[in-house]
Amino acid sequence: ILIILGTVLTIFFIFIFMIFFKTNDSKIILDNKKSNIDFTENLKNSNYDCINNDKDSSYCLDRQISMDFIQEISQEIEVLKKRNIQIWNKELFDKTISSFDIGGRSFRLNKFKKSKDELTIASSMSKTLINESNRIYNDGLDFGFRFLSNGKPELALEKFLEAQLIKNDDPKVLEGLFRAKVYPQILKLIKDANNLMELDELDKAQLIINKALILNKDHLKLKVFSKELSSMILERDFLNAIKSGNQALVNKNPPLGISSFSLALKLKPNSLLAERGLNNIKLIEKKQKINSLLTQAKDFELNEAWSSSFNAYQSILLEDNNITMAREGYERVKIITNLKNDIENILSRPNRLSDSSIRNNAALVTQKADTLSKNFYSTHKKEMSNFININTKLKDLISKMSGPINVRFFSDNKTSLIIKKIGSFEPFNEKFILLRPGKYEVYARRRGFKEKRIILEIDNSFKKSIGIICDERI
């Protein structure tokens, strides 16, 4: 019985062992088979070139989409970090990071479809957060400036702080924060300026408003107050300028009047009052200038400063061509100057008066000068001493150049003398001939000898002796 029982138990255990071994062996075979399939699949995927034939495969498309998502989401996460995402929506950002991490791990394990799906979710959340941050920023600025315009700086400050949470260094945000913070200070400055304005201290009020404008030139109340103050100052300055100009008209003070009315016109370009005042003071200035120039011109004329007198008369005519005294003086001085120049020109080369035609013309000049001197005296009751002196010199010179000069000729008593337009003279040793100043052609002739010719110019100081001999045989 024991033997039989032992045999039965042995056979049972052997059967149980065989069944267990067979089951494990099947499991190992299945696991190995699955491993071989995964290995084969990965081996197949690793051989994809994703450039030519494989580029449109789901494997390559999913991989490319995941790569694009990773780059895009990485950039968006950095933007969100700069926009303080941890403060205003940490929960959704953490979910975004989680999905992004899962997608990244899947990508590294070459599970591109799973990676794409996770990254799609992460991208949607990151874009939602980006849009939300833009909304917070835009609403913060929009409502902030709107609250400032409505005189609610506290609410404006809150909105600008919200916008600053998104873009910390944004110029518009910083401007809004500054304007909201200085709002109470500007109100105080406006109040102080208003008190000064009521005391008629407009310039001091303007200084205070200028300080306020430096803080915020776009402050609505400040702009309105500044405009009102500027208008009051302009009106005050305009009236003061008109008053000063009118006083200058009374006192006939052109420099002050012109500057005053010009300032008034600058303040109010269309003011007819200022324009009329400026025209009137300019007329006074013109009259004063003409009277001064007339006095100068007459003084210059009496002192025979002809060039200065001429310029003064000319300046008067440029101001007003209808001034009779100036026209007459201009013509008179012009004639005197021309005659003076003619006389001085003749006196500078007196030998020319030996020519009778030039001498006659010079005589006419002296006659005109005499007439002009008489007219000048009848006009000014004063003689032109210098002018009369040079005219007298010319008349004396003409007189000297008009009388004959006794000219001594000497010869060899064999040569005949011929003076063209005067006559011929038989041979002589010495002979005195009266000749008027002028130019003469003199010839010496002797039979068998060459003729000689000389040009003789006689003036009132001529004292030379003229030798005239033919001594060269033919």
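Keep in mind that what you see is a predicted model, and the values were worked out from it rather than measured. (Residues numbered from 1 in each chain as written. Predicted model: local features only at pLDDT ≥ 70, side-chain atom pairs only at ≥ 80, totals over all residues. Heavy atoms only, no water.)

The next subject is the side chain of Ser133. Following the sequence through the fold, Ser133 ends up in helix 5 (residues 112-149). Among residues more than four places away in sequence, those in contact with Ser133 are Arg83, Trp88 and Ile166. (Helix = DSSP H or I, 4+ residues; strand = E, 2+ residues; numbered from the N terminus. Contact = heavy atoms within 4.5 Å.)

If you check helix 7 (residues 171-198), its first and last C-alpha atoms are 38 Å apart, about what 28 residues at 1.5 Å a residue would give, namely 40 Å. Where helix 7 bends most, the angle comes to about 45°, and this point is Tyr183, followed within four residues by the proline Pro184. (Expected span 1.5 Å × (residues − 1). Bend = angle between axes of the 7 residues up to and from the residue.)

So, on to helix 6 (residues 153-166). Over its 14 residues, helix 6 extends 20 Å from the first C-alpha to the last, a length consistent with the 20 Å expected when each residue adds 1.5 Å. Within helix 6 the residues assigned to the buried category are Pro153, Ala156, Phe160, Ala163, Gln164 and Ile166. End-on, the buried residues of helix 6 take up no more than an arc of 145°, which puts them together on one face. Where helix 6 is buried, its residues contact helix 2 (58-82), helix 3 (85-88), helix 5 and helix 7. (Buried < 20%, exposed > 50% of the residue type's maximum accessible area, 1.4 Å probe, protein only. Arc of directions from axis to C-beta.)

Turning our eyes to something else, we now look at the pattern of salt bridges. Between side chains of opposite charge, pairing is possible as soon as their charged atoms come close. As enumerated under the stated definition, the model contains 28 salt bridges in all. Between Asp203 and Arg236 there is a salt bridge, with its nearest N and O atoms 2.9 Å apart. Taken together, the residues span a long stretch of sequence, with Asp203 in helix 8 (residues 202-215) and Arg236 in helix 9 (residues 220-251) at a distance of 33 residues. Of the charged contacts in the structure, one is a salt bridge between Glu441 and Lys420, with a shortest N-O distance of 3.7 Å. Within this pair, whereas Glu441 is found in strand 5 (residues 438-445), its partner Lys420 is found in the loop between strand 2 (416-419) and strand 3 (423-425), the two being separated by 21 residues in sequence. We classify Lys420 as partly exposed; its relative accessible area is 42%. Each of Glu72, Glu76 and Lys127 takes part in a single network of salt bridges with overlapping partners. (Salt bridge = Lys/Arg side-chain N within 4 Å of Asp/Glu carboxyl O.)

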